[in-house]
There are 2 protein chains.
Amino acid sequence: MVFGNMGETSGTGVVMSRNPSTGEPGLAGDFLVNAQGEDVVAGTRQTFEIDAMAKRFPEAYQQLCDIADKLERHYRNMQDIEFTIENGVLWLLQTRNGKRTAAAEVRIAVDMVDEGLLGREEAILRVSPEQVDFYLHPQFDETARKEAKLIAKGLNVSPGAAVGMVAFDADTAQRWARDEGKDVIMVRPETKPDDVHGMLAANGIVTSRGGRTSHAALVARQFGKPAVVGVEALEIDLNDREARVGDMAIREGTYISIDGVRGEVYLGSLPTVIPDIQDAWLTRLMEWADEFRTLEVWANADYAEDATRARRLGAQGIGLCRTEHMFFEEDRLPVMQEMIMARNHVDRESALDRLLPLQRGDFEQLFRAMDGLPVVVRLLDPPLHEFLPDHMELRRELSELKLKLQHFDTLREIDSTLEEIRAKQDFLERTEELLESNPMLGTRGVRLAMLLPELTRMQSRALFQAAAQCMREGVDVKVEVMIPLVSEVNELKTQRQIVAAEAAQVMDEEEREIPYKLGTMIEIPRAALMADVIAVEAEFFSFGTNDLTQTTFGISRDDAESGFLIHYLEHGVLDDNPFQTLDRKGIGRLMRTAVQLGRETRPDLEIGICGEHGGDPKSVEFCHDIGLNYVSCSPFRVPVARFAAAQAAIQAAGWQPMPPAPRDPKARAAKAKKATAKQAAS
Amino acid sequence: MVFGNMGETSGTGVVMSRNPSTGEPGLAGDFLVNAQGEDVVAGTRQTFEIDAMAKRFPEAYQQLCDIADKLERHYRNMQDIEFTIENGVLWLLQTRNGKRTAAAEVRIAVDMVDEGLLGREEAILRVSPEQVDFYLHPQFDETARKEAKLIAKGLNVSPGAAVGMVAFDADTAQRWARDEGKDVIMVRPETKPDDVHGMLAANGIVTSRGGRTSHAALVARQFGKPAVVGVEALEIDLNDREARVGDMAIREGTYISIDGVRGEVYLGSLPTVIPDIQDAWLTRLMEWADEFRTLEVWANADYAEDATRARRLGAQGIGLCRTEHMFFEEDRLPVMQEMIMARNHVDRESALDRLLPLQRGDFEQLFRAMDGLPVVVRLLDPPLHEFLPDHMELRRELSELKLKLQHFDTLREIDSTLEEIRAKQDFLERTEELLESNPMLGTRGVRLAMLLPELTRMQSRALFQAAAQCMREGVDVKVEVMIPLVSEVNELKTQRQIVAAEAAQVMDEEEREIPYKLGTMIEIPRAALMADVIAVEAEFFSFGTNDLTQTTFGISRDDAESGFLIHYLEHGVLDDNPFQTLDRKGIGRLMRTAVQLGRETRPDLEIGICGEHGGDPKSVEFCHDIGLNYVSCSPFRVPVARFAAAQAAIQAAGWQPMPPAPRDPKARAAKAKKATAKQAAS
């Protein structure tokens with residue numbers, strides 16, 4: 001035994017070999033004179049900053065610095081060291097890799113490369129993609145957090161910072177959030193499928209029971225809601241509408257703040273800050289990552305604004321521009337509806353003619369933003385009924401109008417209402433005509449284009465005219481036209497001909513060559529199974545892994561993620577949500593086959609994925625493994641994907657992340673003590 | 001040139017070497033004295049039966065018999081021979097394989113085996129599966145048909161005999177057929193997607209325009225409606241509501257009869273007869289077929305009555321018993337609805353307890369009917385909302401009830417209506433809770449069973465209790481429990497445990513071993529891709545090719561078959577409707593992989609398919625090729641499948657169907673003439 005409470009020449013402390021918040025070099029920690037370790041941990045006595053030790057025990061302090069340095073060199077990682085000074089002699093009790101913030105992790109990794117402790121590969125493997133993601137999301141202001149009242153801690157099951165008023169049930173949460181525009185944190189003993197609407201409406205979720213695979217945890221991760229679960233100190237009284245922690249009572253409607261990374265719940269509304277993505281250390285780390293990775297990272301962006309942001313975050317192209325989003329805008333939707341309601345070719349063409357310049361303008365902006373980089377434009381994908389009012393709503397409105405008819409006093413009123421009824425009736429009829437029992441497997445994507453080739457013609461014309469205009473301005477335009485939902489090569493063949501004819505005509509009119517590629521989404525199992533045949537007509541593939549997962553798994557995502565899929569994750573039937581992390585075992589087999597078959601036909605086939613999986617590190621690793629050219633993800637996930645791609649490349653080259661320090665703290669302590677004893681003896 | 005009109009010692013005729021209607025041996029045909037061939041064909045002069053020639057030109061007749069015999073031996077097929085007698089000398093003008101009825105084809109094939117002209121393999125290859133199918137459907141009575149007034153001929157695009165009143169548009173067809181219960185034949189210049197509802201309601205379809213891949217032809221084949229298209233003689237006047245052929249005017253509402261095999265339209269309502277499936281020649285042919293085939297043929301049957309019929313038609317097992325059909329019956333549906341509406345475990349168990357004996361009774365009957373043969377029982381498959389009233393209908397009824405509230409005179413009426421509203425409201429809420437945006441990919445099959453394991457328990461208990469009861473009676477019961485919609489092996493593992501536990505308990509109670517197999521449908525691409533893993537838990541696979549086609553192709557059948565799929569078939573984007581004929585290129589690849597992977601894990605894995613494809617000859621051939629154990633189809637398709645399976649086995653062994661006689665009739669005629677000249681000279 002060693003004693004730190006042997007008087008004023010003794011003491012005890014805990015130091016980190018570097019600053020665990022910022023990663024700055026130099027010891028950081030707490031120190032107490034004439035005390036044992038438990039006094040530091042218990043927080044009953046006011047501790048001193050470690051600098052104080054330098055003055056009081058200069059020799060021991062120097063020794064501690066040297067040992068910390070030695071331990072760091074041995075473990076090649078920042079150390080968390082407990083020590084005691086007994087009558088002036090330094091004794092180490094324990095050392096282990098220290099906990100640290102994302103910012104510290106990044107800086108330490110980079111610094112250690114500069115110090116020759118780590119290779120760049122190791123530095124990259126040591127930082128997790130989630131730590132890179134940290135730089136992209138609001139976090140609680142550190143000073144404010146330190147001053148805030150911590151209510152309780154629980155399990156950190158879904159990251160992020162959220163602030164809102166406590167709501168104790170789903171209906172209240174939904175009413176306050178959706179109808180009244182308030183910020184809400186839903187607080188429940190536990191959640192069930194009935195609660196999902198409230199969870200969706202809330203900014204964050206807290207439960208007093210449940211673990212990492214509880215319903216609340218799963219749903220929260222699903223929808224990217226910060227959540228803290230299993231906050232056992234919280235006693236929720238649904239009758240009295242309050243939660244109690246010890247003596248404190250939190251009434252419904254009280255503001256709280258939750259930190260999903262730390263698993264903490266605070267009283268009040270904490271201010272948030274967004275970390276600096278331009279952080280010098282992160283920038284260097286990302287530069288190294290970019291050197292190692294072979295997989296490109298593109299982004300999904302529909303507007304020039306998104307494209308610009310993506311480019312700033314390192315995107316090397318646009319992997320998915322969803323053209324339909326352009327049609328949903330206020331000034332365009334009525335024209336789109338006119339196109340859909342058209343009962344003859346002439347009316348349809350007239351509506352399309354009016355859409356053309358609008359769409360062309362969108363494309364021009366996109367091309368300018370992506371000057372020099374490829375832009376994959378997907379032709380219209382959703383079923384037409386998505387552009388029309390909801391048929392249930394129409395029915396309800398019609399009923400109301402009919403009821404009104406009975407209470408008018410003038411014929412004029414009746415006539416005008418009859419007119420209104422007729423118009424709505426037309427809409428309803430068309431909507432019901434377009435209704436499908438399984439729209440996900442229905443008339444959309446290329447199927448729609450096969451029925452309405454004039455749509456493809458209009459979109460192609462807009463695309464090539466925009467390209468010509470930008471080229472005139474000196475912009476380097478790289479167009480890739482993408483046909484969605486192909487399941488049969490003849491679909492692609494037909495559409496290819498339509499696009500090519502339109503392209504030729506525009507080139508002729510513009511007196512200019514416009515180079516472009518034509519390719520297809522691979523999002524239907526049959527397309528993947530017949531990739532060798534499809535590749536005859538396609539210059540590139542882009543896996544639509546969301547739809548591919550839906551069809552290959554036979555799961556409708558919208559229905560399942562608030563239904564049986566949660567049950568499956570809760571009960572371990574599935575390890576991961578296949579819509580978040582690519583299902584390697586099943587969907588992965590199919591993708592591997594498709595890549596192999598596609599490149600048998602066309603060795604230089606460009607293959608990427610677009611869809612959420614492109615921003616998921618595990619999925620990015622898989623995409624690297626099967627030899628894709630790029631992943632395309634949402635702009636905010638681009639840095640994460642770049643980093644994950646680098647890790648995948650490094651690991652594929654045989655590098656493994658450093659094994660963690662040995663688990664048994666006694667073993668570690670013994671080892672450290674030995675080192676110390678030697679040091680002390682020397 | 002040869003002349004048959006050189007006087008009374010000359011003549012001309014057309015004979016078949018056997019009777020083309022029945023296949024009976026002996027010449028059959030027409031003969032005219034002092035006439036040219038065109039006189040026979042034109043039908044302007046009354047011809048004589050060929051027997052008359054025997055009396056008039058005994059020598060030439062004998063010669064003709066000998067030549068017919070010789071030609072048959074040469075071509076090994078029934079011959080259609082044109083001849084002329086010029087001044088007593090017989091000249092053959094042409095010979096070719098003769099057209100014949102299905103019955104004649106069967107009899108001739110069997111007779112020719114007996115005569116040593118054909119091997120049994122060739123006989124089987126010569127008859128088409130469609131000709132076997134002929135014996136299973138109503139046909140127009142031959143005598144009545146001969147006497148009926150033939151209106152016109154067109155293309156025979158969809159087989160079968162149909163009778164009904166002419167309706168000139170889809171709405172009329174639907175109103176008469178659906179609302180007034182009349183028999184209708186829809187007659188249109190051509191059809192469009194808007195007409196599908198009328199086509200579905202009608203017994204048959206006639207169009208004056210269009211070919212074999214016209215919309216009308218495709219839709220008719222799709223839904224098994226007899227149809228004759230491209231009846232050019234028919235002039236349809238939609239304004240006057242009549243069709244004209246020459247001088248004849250057919251008013252809307254007139255009865256006509258159409259023969260989809262012959263492409264004929266008759267005036268009036270012709271009586272139909274069902275051919276005798278016990279026909280002596282067919283029976284022999286089928287016996288031979290059964291000897292050659294290695295693929296077993298099972299049937300899909302939900303009731304004992306269907307099972308018995310299937311067995312009579314040669315089924316070797318039940319490949320699919322859909323247990324849900326039992327719940328749709330009038331006395332059971334309310335209990336099923338109670339189960340679904342139950343908000344707690346106790347109420348749910350109580351409803352299930354009442355369903356148990358009913359289900360057990362159904363199973364007992366099925367086992368007795370299939371004594372000694374396997375019965376594959378599929379546990380509950382459809383989503384729950386299918387057992388509840390339609391939510392749109394409920395909404396409408398609720399609105400009506402609410403409107404009624406305003407017009408009552410007594411509180412009692414109001415109270416009783418409020419009660420009714422509350423009950424409907426409950427139904428509506430539950431229905432809307434269960435509503436899914438893509439029910440095909442939703443909570444059904446094993447997914448439902450995972451959420452409601454008590455369902456699996458009840459069904460298993462009913463099954464094993466029924467088996468025990470039948471075994472006590474001396475019935476040889478072979479139970480196979482099938483889990484639907486599996487996409488992940490853990491689903492199967494969980495359900496297997498539930499079934500096994502229930503089985504063990506029943507066996508314990510009954511003090512009797514009940515052997516059974518447990519297996520799964522393969523109807524989700526992921527299950528096929530992971531068949532090696534799935535096979536660890538499955539003793540058998542049954543491809544659900546309908547759902548597998550839907551998911552692998554990403555097509556919702558209900559929506560597509562009245563939508564874009566027809567367009568695809570019309571425009572040659574797809575060669576076949578993948579829901580009728582298995583898509584070998586795409587789905588087939590996946591099935592082949594699944595068979596291979598499954599048997600890697602479990603070499604004795606029993607694999608079959610259930611679903612319509614099991615009765616489609618081309619699909620049966622594919623199932624033979626990939627080494628399935630059986631196909632299971634609807635009872636009425638069993639003979640066709642048996643026959644197709646034999647053809648597949650024979651072809652796989654290297655046999656090819658006889659090449660048709662040379663195409664060029666002149667070449668044939670020259671060849672025949674040469675033979676004749678020799679004959680005549682000898």
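See the structure shown above.
Residues numbered from 1 in each chain as written. Chains lettered and ligands numbered in written order. Predicted model: local features only at pLDDT ≥ 70, side-chain atom pairs only at ≥ 80, totals over all residues. Heavy atoms only, no water.

### With respect to the relation of the copies chain A and chain B
Note the following rule: Superposition of the copies used a least-squares fit over C-alpha atoms from residues whose pLDDT is at least 70 in both.
Mapping chain A onto chain B calls for a screw motion: a turn of 180° about the axis and a shift of 0.1 Å along it, with 0.2 Å RMSD after fitting. The superposition operator between the copies reduces to a two-fold rotation axis. Proximity to the rotation axis, assessed at the C-alpha, singles out Asn438 of chain A in chain A; its C-alpha lies 2.2 Å from the axis.

### A look at the sheet that holds strand S3 (residues 48-49) of chain A
Residue and element names in this part refer to chain A. To be explicit about the condition: Only strands that DSSP links by at least two bridges are regarded as paired with each other. A run of DSSP states H or I qualifies as a helix once it reaches four residues; a run of E qualifies as a strand once it reaches two. Both are numbered from the N-terminal end. In what follows, residue pairs with any heavy atoms lying within 4.5 Å of each other are defined as contacts. Between the N-to-C directions of two axes lies an angle of 0 to 180 degrees, each axis being a line fitted to C-alpha atoms and, for a helix, fitted only over the stretch in contact.
Read across the open sheet, the 5 strands follow the order S3-S2-S1-S4-S5; overall the sheet is antiparallel. Edge strands, defined here as strands with exactly one partner in the open sheet, are S3 and strand S5 (89-97). Helix H3 (residues 58-75) contacts strand S1 (11-18), strand S2 (25-33), strand S4 (79-86) and S5 of the sheet and is inclined by roughly 30° relative to S5.

### Examining the interface of chain A and chain B
Operational definition: Take the accessible area each of two parts loses on contact, using a 1.4 Å probe, and add the two losses: that sum is the buried area. Here a salt bridge means any side-chain nitrogen of Lys or Arg lying within 4 Å of a carboxyl oxygen belonging to Asp or Glu. In protein, a polar contact means a hydrogen-donor-capable atom and an acceptor-capable atom, both N or O and within 3.5 Å, with residues adjacent in sequence counting only if both atoms are side-chain atoms; elsewhere, any N or O pair within 3.5 Å suffices.
Listed per partner, the contact involves 48 residues of chain A and 48 residues of chain B. For the chain A and chain B pair, buried surface summed over both sides reaches about 4,200 Å², with 58% attributable to carbon and sulfur atoms. The partner of Asp532 of chain B in a salt bridge is Arg589 of chain A, and the shortest N-O contact between them spans 2.9 Å. The interface formed by chain A and chain B contains 28 residue pairs in polar contact (both at pLDDT 80 or more).

### Some details on the side chain of Lys225 of chain B
Residue and element names in this part refer to chain B. To keep it simple, the criterion reads: Residue burial is assigned from relative accessible area. The probe radius is 1.4 Å, only protein chains are included, and a residue is buried under 20% of its type maximum, exposed over 50%, and partly exposed in between. As used throughout, the charge tally considers Lys and Arg to be positive and Asp and Glu to be negative, leaving His and the chain termini uncounted.
Secondary-structure assignment places Lys225 in the loop between helix H10 (215-222) and strand S12 (227-229). Asp183 provides the closest opposite charge to the buried, salt-bridge-free Lys225, at an N-O distance of 9.5 Å. At a separation of 2.8 Å, a polar atom in the side chain of Lys225 contacts the main-chain carbonyl oxygen of Leu200. In this structure Lys225 touches Ser158, Met199, Leu200, Ala202, Asn203, Ile205 and Ala220, once residues within four positions along its chain are discounted.

### Quick notes on a nonpolar patch on the surface
Residues and elements named next belong to chain A. Counted only if it meets this: Patch membership needs two things, relative accessible area over 30% and no salt bridge, and members are linked within 9 Å if like-charged or within 5 Å if nonpolar (Val, Leu, Ile, Met, Phe, Trp, Tyr). Reported accessibility uses the Shrake-Rupley method at a 1.4 Å probe radius. Residues are deemed covered only where the shown protein chains occlude them.
There is a patch of nonpolar side chains on the surface, built from Met1, Phe3 and Met6 and spanning about 360 Å² of accessible area. The residue Met1 is located in the segment before S1 in this model. What makes Met1 exposed here is its relative accessible area of 84%.

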